[in-house]
Amino acid sequence: MTQTALAKQLGITRSSVNAWELGISVPSTQYIVELAALFKVSTDYLLCVDRSAAIDVSGLTEDDTELVTSLVRHLRRKNRKL
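These lines cover the structure that appears in this document, whether it is placed above or below.

Conventions adopted
Residues numbered from 1 in each chain as written. Predicted model: local features only at pLDDT ≥ 70, side-chain atom pairs only at ≥ 80, totals over all residues. Heavy atoms only, no water. Helix = DSSP H or I, 4+ residues; strand = E, 2+ residues; numbered from the N terminus. Rg over C-alpha atoms; globule rule 2.2 N^0.38 Å. Buried < 20%, exposed > 50% of the residue type's maximum accessible area, 1.4 Å probe, protein only. Contact = heavy atoms within 4.5 Å. Areas by Shrake-Rupley, 256 points an atom, 1.4 Å probe, with all protein chains shown as cover. Lys, Arg positive; Asp, Glu negative; His and termini not counted. Charge placed at Lys NZ, Arg CZ, Asp CG, Glu CD. Salt bridge = Lys/Arg side-chain N within 4 Å of Asp/Glu carboxyl O. Core = buried A, V, L, I, M, F, W, Y, C linked by side-chain atoms within 4.5 Å. Phe/Tyr/Trp six-rings, centres within 6.5 Å; stacked < 30°, edge-to-face > 60°. Axes fitted to C-alpha atoms, helices over the stretch in contact; angles between N-to-C directions. Parallel < 35°, antiparallel > 145°, perpendicular 65-115°, else oblique. Left-handed = near helix turned anticlockwise from the far one by under 90°.

## Digging into the overall build of the protein chain
- In terms of helices and strands, the protein chain carries five helices and zero strands.
- The globule rule puts the C-alpha radius of gyration for 82 residues at 12 Å, and the 18 Å found for the protein chain is more than 25% above it.
- Referenced to the eigenvectors of the C-alpha coordinate spread, the extents of the protein chain come out at roughly 50 × 30 × 20 Å.
- The buried share of the protein chain, taken over its 82 residues, is 15%.
- Looking at the protein chain alone, contacts between residues at least 24 apart form 19% of all its contacts between residues at least 6 apart.
- For the protein chain, the computed accessible surface area is about 6,800 Å², with 56% contributed by carbon and sulfur atoms.
- Each charge class in the protein chain can be summarised by its mean position, and for the 10 positive and 9 negative side chains these summaries are 10 Å apart.

This is the structure:
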């Protein structure tokens, strides 16, 4: 996505987006939330707060969710042994 396209989506100037990219300024909380929604990521991801991943289990049954959880636990145990 170009700076111009992003700026248009957010209703700001291209130079504001450019300043964010160059580290001259940072987006306000409002824009961080809008950016997260736009790019379908968490605000923590944008802020580099949390390096862990999230798995969206919406639409899964309770049994399916337990299966996913069990698989994650299994993989963690396996990787600790390596």
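Once the structure has been displayed, the description carries forward.
## Some remarks on the pattern of salt bridges
- According to the stated counting rule, one finds one salt bridge in the structure shown.
- The shortest N-O distance in the salt bridge between Glu66 and Arg73 comes to 3.7 Å.

## Considerations on the nonpolar core
- Counting residues in each nonpolar core, the largest one holds eight residues, listed as Leu6, Ala7, Leu10, Ile12, Val17, Trp20, Tyr31 and Leu35.
- Elements represented by at least two residues in this core include exactly helix 1 (3-10), helix 2 (14-22) and helix 3 (29-39).
- When residues of this core are assigned to their parent elements, the largest contribution, three residues, is made by helix 1.
- Those residues in contact with Leu6 that lie beyond four places of it in its chain are Met1, Val17, Leu35, Leu38 and Phe39.

## Observations concerning the packing of aromatic side chains
- Within this structure, the stated rule accounts for one aromatic pair.
- When the centroid spacing of 5.8 Å and the interplanar angle of 45° are considered together, the rings of Trp20 and Tyr31 count as tilted. With Trp20 in helix 2 and Tyr31 in helix 3, the pair connects residues that are 11 residues apart, well separated along the chain.
- Owing to a relative accessible area of 17%, Trp20 belongs among the buried residues under this scheme.
- The class of Tyr31 is buried, set by a relative accessible area of 18%.

## Thoughts on the packing of helix 1 against helix 2
- At their nearest, the axes of helix 1 and helix 2 sit 8 Å apart, and the two run at 115° to each other. Of the possible angle classes, the one that applies to helix 1 and helix 2 is roughly perpendicular. Judged by the sense of rotation from one axis to the other, the crossing of helix 1 with helix 2 is right-handed. In this structure, helix 1 uses Gln3, Thr4, Leu6, Ala7 and Leu10 to contact helix 2, whose residues at the interface are Arg14, Val17, Asn18, Trp20 and Glu21.

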